[in-house]
Amino acid sequence: MLSTFKEEINVGKFYITTPIYYPSDNLHIGHAYTTVVADALARYHRLMGEDVYFLTGTDEHGQKIQRRAAAVGKEPQAFVDEIVANIKKLWKTLAISNDDFIRTTEPRHTERVQQIFQRLYEQGDIYKSEYEGLYCTPCEAFWLERQLVDGKCPDCGREVERVQEESYFFRTSKYADRLMAHIEAHPEFIQPVSRKNEMINNFLRPGLEDLCVSRTTFSWGIPVPFDPKHVIYVWLDALTNYITALGYPDQVGSDSLFARFWPAELHLVGKEIVRFHTIIWPIILMALDLPLPKQVFGHGWLVLDGGKMSKSKGNVVDPVVLVGKYGLDAIRYYLLREVAFGADGIYSEEALVLRINTDLANDLGNLLHRTLSMVEKFADGVVPVPGAYGPLEKALINEADETWQAVQEHMEKLEVSGALTAIFHLIGRANKYIDEAAPWSLNKQGNHERLGTVLYTMVEVIRVSAVLLSPYLVESPARIFAQLGLDPEAAAIGLEAGSKWGLYPAGTKVRKGEPLFPRIDWEEAAEVTGVKKEAPPEKPVPQATTKKAEPTATAATTQEQITIDEFAKIDLRVAKVLTAEKIEGADKLLRLQVRLGEEERQIVAGIARYYQPDELVGKEIVVVANLKPAKLRGVLSQGMVLAAGDGDNLALVMPEKTVGDGAEVR
Ligand code: MSP
C-alpha cells in the first residue's frame, strides 16, 4: 500500500512529464523547447537502461478555451480537436518519444478526476462556500488583491476580472505546514533554488488561503459529480493528469503503470507555473495520501529580442517551418544547446544559423567529412587496424572518457546544454588531433602503421561522439554510423556500452555520403523568413561578416554588390602558419609558410609593421586560396591573407576557435 512520503525509489525508473499544453492555439517554438528538453532527458535515461515513462498531453478545459472557441464560432470540443491534432503532428515532426499523450477531455481522465474530487469532498478536504475575488482568465488563476502588480495579474500582466460565485474550496491551508517542512527537508524538490526561494517567500510564508476549486459561470469543464452546475477548477483537473494517465485511482494494482512509475522523478514546467506544481499539486497529493514527485524543475522562457512571443504581436515562431527549412536535428540541437536550462534565453534565427554552421556543419560535419576522405585516400576506404597508441591518441581517448563522465554529471543536474557543450568540446579536440597527428604527412612518409593508428582513432572518436549525441540528435547519429560503415541502428546501443573506446571493428569499409549538415547561407535564409538582416547578430555570423581586405590596405567597405555566385568564386580557406620571417630589404613584408590541409604554400603579406614573425607561428589565419600567384619584391606569393582594420590598427582574420587548416570559409 502506498504511504505518505514514501521514500523508497524504484531504482532505475524515470517518470518524466511536460506540462499539458492549452490547445487554445497552435504551439510555438517556446512550447517545443520544453518538450524537446523533456524528450532529450527521456532518451538519455532510456539509453542509460532505465525504465522510462514520458508523458505529455493537452489541458483542454477552462474559461479561456471556451472563450476562444466561441470567438471563432466553434463548439469547444471541435475547436480543441483540431488544435490537438496539430500538436500531435508537431511532436511527431520533432521526433518526441513520449509514451503516452493524455487529453483532459478523454473519459479515462474526466472519470478519474471526478473520483478524486469526490474522495476529497468525502474526507472533508473540499467544502462549499462563496467566492468573491479576482481571476486571471489567460492564466486560469485566482489572485488576492495584495498579490496584484499595478492592479494586474502578477504572472502575465493582464487585466484580472472580479468574480463572485458559489464555489467549492479546497483546504489547502490545512497542509501548508507539512508542505513547508517537505520543501525544507528536500532541497532538490524545487529547482532551480531561486524558484524554491520565490515559492517560500512569496506564497508559503505570507500564508495560504483555501483554494477555490470549482466554477459556475461557465460550463466547459468536468462537472462536480455531486453538484453538476459546478465545473471543476481547470488547474485541479489539469494537475491530476500526471496520475490519471497512470491509472489512478482505479488501476493501482502491483502490475499497474501507477505502481510502476509513481512518484514522478521529474515534472518539467515553465517558470510561471512552478507555483501550481509546487504548492497546489503537492497539497492535492498529500490529501490523497500519495507520495510527492521527486522534483519540479522550473525552466526559463525562450523569448524574442522584442520580448515574449504572442499571436497578437505577430511574432510567433513556428517550429514546423523551422524544421522544414533547417532540418530536425538542427532545430533540436539549437533548442538544447543555446540556452542554459533554467535561465531565460533569446531565440534568434541568426543564432540558430550560426549554431548550424559552426557546430554542426563545421565542427561535426567537417570532422566526419575529413576523416572519411582520408580513409578513402590513404587506406582505400577501409579503416585500418590500429597499432600502438602514442601520447596524442592517449590524450584523445582520455578526453573521450572524461566527456562521457561530464555528460553524466551534467545530465544528472539537468544541464542539457552543458552535456552538449562537453560533447562538442570532444569534437573540437578530435579536429585538433587530426591537425596534430597530420595523417597526410604520415602518408607522404609511408609510415603506414602510424597512419593506420591515426585513421582508426579519427573514426573511433567520431563513433563515440555519435553515440553520446544520440539522446539529443535523432537522425544524425544513425547517419554517421551508416557513413562509418556500421549498422545505423547500433548508434542507439546505449550510452554506457556504446561510449567504450575501441568498439569500431577495424577492417570495415566506410561509406562516405552527403554532408551531414550543409552550411546555411544566412542571407538567403533571412530572405525566406523575412528576418531583418540589419539586426545585429549576437555573435558574428560567418557569411554576413566575413570581410576581404588587402593585407596592407584599409579594409574597404564593398560598394558594388556582388551575387552569391560571384562570392562563391573566391576560395577562402583556413591556413595554419608554419613559419614566418622578415624579408630582407622589404620592411613591410613577412614571408609565411602556411598549410592548407594537405598542401603547403608560401604567402607574402604586408603585415610586418603589425606582427612579429614568432607570434604568428601556429596560428590559424584566413587566406584567399585561389588568387593567381604573384611576386612581391621578387618573392613568390601563392595567396593572400585576410586582415581587417586600418592605420595602426590592423588585425589578421582568424577563426574564433581552432577549426583545422584547409577548412573552407564561407
Ligand atoms: N495548461 C497549462 C499547464 C498545465 S500542467 C498541469 C499551461 N499551458 S501552456 O500551454 O500555457 O504552457 C505550457 C508550457 O509551455 C508552460 O510550461 C510554459 O512555461 C511553456 N511555454 C510557453 N511559452 C514558452 C516560451 N516562450 N518559452 C518557454 N516555455 C514556454 O500553462
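Residues numbered from 1 in each chain as written. Predicted model: local features only at pLDDT ≥ 70, side-chain atom pairs only at ≥ 80, totals over all residues. Heavy atoms only, no water.

**Quick notes on the overall build of the protein chain**
Right, on to step 1. What the protein chain contains, in helices and strands, is 23 helices and 23 strands.
Right, on to step 2. Its C-alpha atoms give the protein chain principal-axis dimensions of roughly 100 × 55 × 45 Å.
Right, on to step 3. Here the protein chain holds 666 residues, and 55% of them are scored as buried.
Right, on to step 4. Once local pairs closer than 6 in sequence are excluded, the contacts in the protein chain between residues at least 24 apart make up 76%.
Right, on to step 5. For the protein chain, the accessible surface area stands at approximately 28,400 Å², while carbon and sulfur atoms represent 50% of it.
Right, on to step 6. Separation of charge centres in the protein chain, based on 74 positive and 92 negative side chains, amounts to 3 Å. (Helix = DSSP H or I, 4+ residues; strand = E, 2+ residues; numbered from the N terminus. Buried < 20%, exposed > 50% of the residue type's maximum accessible area, 1.4 Å probe, protein only. Contact = heavy atoms within 4.5 Å. Areas by Shrake-Rupley, 256 points an atom, 1.4 Å probe, with all protein chains shown as cover. Lys, Arg positive; Asp, Glu negative; His and termini not counted. Charge placed at Lys NZ, Arg CZ, Asp CG, Glu CD.)

**Focus: the sheet that holds strand β1 (residues 13–21)**
Right, on to step 1. The six strands are arranged β3-β2-β1-β11-β12-β7 in an open sheet whose pairing can be described as parallel. Looking at the sheet topology across the chains shown, the edges are occupied by β3 (100–103) and β7 (190–191).
Right, on to step 2. Pairing of β7 with strand β12 (residues 296–299), which is carried by two bridges, proceeds in the parallel orientation. Opposite I190, over in β12, you have V296 as the bridge partner. (Pairing = 2+ DSSP bridges.)

**Regarding the pairing of β12**
Right, on to step 1. Along β12, one buried face is formed by V296 and G298 and the opposite face, lined by F297 and H299, is buried too.
Right, on to step 2. Note that strand β11 (residues 266–270) and β12 share four bridges and pair parallel. When the sheet's bridge partners are listed, G270 is paired in β12 with H299.
Right, on to step 3. Following the chain from β11 across helix α10 (residues 274–287) to the adjacent parallel β12, one finds a crossover that is right-handed. (Right-handed = clockwise from strand over helix to strand, strands pointing away.)

**Quick word on the pattern of salt bridges**
Right, on to step 1. Within the structure shown, the criterion is met by 40 salt bridges.
Right, on to step 2. For D99, the salt bridge goes to R46, with nearest N and O atoms at 3.5 Å. One end of the pair, D99, is in the loop between α3 (76–93) and β3; the other, R46, is in helix α1 (residues 29–47), with 53 residues separating them in the sequence.
Right, on to step 3. Classification of R46 by relative accessible area gives partly exposed; the value is 29%.
Right, on to step 4. Residue D359 is joined to R337 by a salt bridge in which the shortest nitrogen-to-oxygen separation is 3.1 Å. Of this pair, D359 sits in helix α13 (residues 349–379) while R337 sits in helix α12 (residues 328–338), and the two are 22 residues apart along the sequence.
Right, on to step 5. According to the relative accessible area criterion, D359 is buried, its value standing at 3%.
Right, on to step 6. One network of salt bridges, in which partners are shared, links K128, E166, D227 and K229. (Salt bridge = Lys/Arg side-chain N within 4 Å of Asp/Glu carboxyl O.)

**Observations regarding the nonpolar core**
Here is a general trend for soluble globular proteins: nonpolar side chains tend to be buried in one another's company.
Right, on to step 1. Core analysis: the biggest nonpolar cluster contains 114 residues, and L41, W91, L94, Y326, L335, Y472 and L484 have the highest contact counts within it.
Right, on to step 2. Ignoring any residue separated from it by four or fewer positions in sequence, one finds W91 in contact with Y21, L27, H31, A32, T35, T56, I96 and F101.
Right, on to step 3. Counting residues in hydrophobic clusters, the runner-up holds 73 residues, among them C153, F169, Y175 and L239. (Core = buried A, V, L, I, M, F, W, Y, C linked by side-chain atoms within 4.5 Å.)

**Section: the sheet that holds strand β16 (residues 586–596)**
Pairing between the strands of a sheet comes from backbone hydrogen bonds, and it takes one of two forms, parallel or antiparallel.
Right, on to step 1. In space, the five strands of this open sheet follow the order β17-β16-β15-β18-β21, with antiparallel pairing throughout. The sheet is open, and its two borders are formed by β17 (599–605) and β21 (640–641), each paired with just one other strand.
Right, on to step 2. Both β16 and β17 contribute to a ladder of seven bridges, which runs antiparallel. Bridging from a neighbouring strand, Q593 pairs with Q602 of β17.

**Side note on the confidence of the model for the protein chain**
Right, on to step 1. Of the residues in the protein chain, 92% have a pLDDT of 70 or more, and the chain-wide mean is 89.
Right, on to step 2. Ignoring residues within four places in sequence, the model shows residues 532–558, a span with pLDDT below 50, making 57 contacts including any to other chains. (pLDDT = per-residue confidence, 0-100.)

**Re the site of the ligand**
Right, on to step 1. Lining the immediate environment of the ligand, one finds 24 residues, of which I20, D59, G270, E272 and L302 sit closest.
Right, on to step 2. The separation between an oxygen atom of the ligand and a polar side-chain atom of E272 is 2.8 Å.
Right, on to step 3. Contacts to the ligand include L302, whose backbone N or O atom sits 2.9 Å from a nitrogen atom.
Right, on to step 4. Burial of the ligand by the surrounding chains reaches 94%, relative to a free accessible area of 660 Å².
Right, on to step 5. Contributions of two or more residues to the shell around the ligand are made by β1, α1, α7 (234–239), α8 (241–244) and β11.
Right, on to step 6. For the shell around the ligand, the element with the highest residue contribution is α1, accounting for four residues.
Right, on to step 7. Of the residues assigned to the shell around the ligand, the class counts are 13 nonpolar, nine polar and two charged. (Near = heavy atom within 4 Å. Polar contact = N/O pair within 3.5 Å; in protein donor to acceptor, adjacent residues only side chain to side chain. Nonpolar A, V, L, I, M, F, W, Y, C, P; charged D, E, K, R; others polar.)

**Some remarks on the packing of aromatic side chains**
Right, on to step 1. Applying the stated criterion to the full structure yields 23 aromatic pairs.
Right, on to step 2. Between the aromatic rings of Y15 and F261, the centroid separation amounts to 6.3 Å while the plane-to-plane angle is 50°, which identifies the pairing as tilted. Within this pair, whereas Y15 is found in strand β1, its partner F261 is found in helix α9 (residues 257–261), the two being separated by 246 residues in sequence. F261 shares its class with Y15; the two are buried.
Right, on to step 3. Measuring from centroid to centroid gives 5.5 Å for Y168 and F226, while their planes differ by 85°, and the two rings are edge-to-face. One end of the pair, Y168, is in strand β6 (residues 161–170); the other, F226, is in the loop between β9 (214–215) and β10 (231–232), and 58 residues separate them in sequence.
Right, on to step 4. Relative accessible area serves as the criterion here: at 28%, F226 is assigned to the partly exposed category. (Phe/Tyr/Trp six-rings, centres within 6.5 Å; stacked < 30°, edge-to-face > 60°.)

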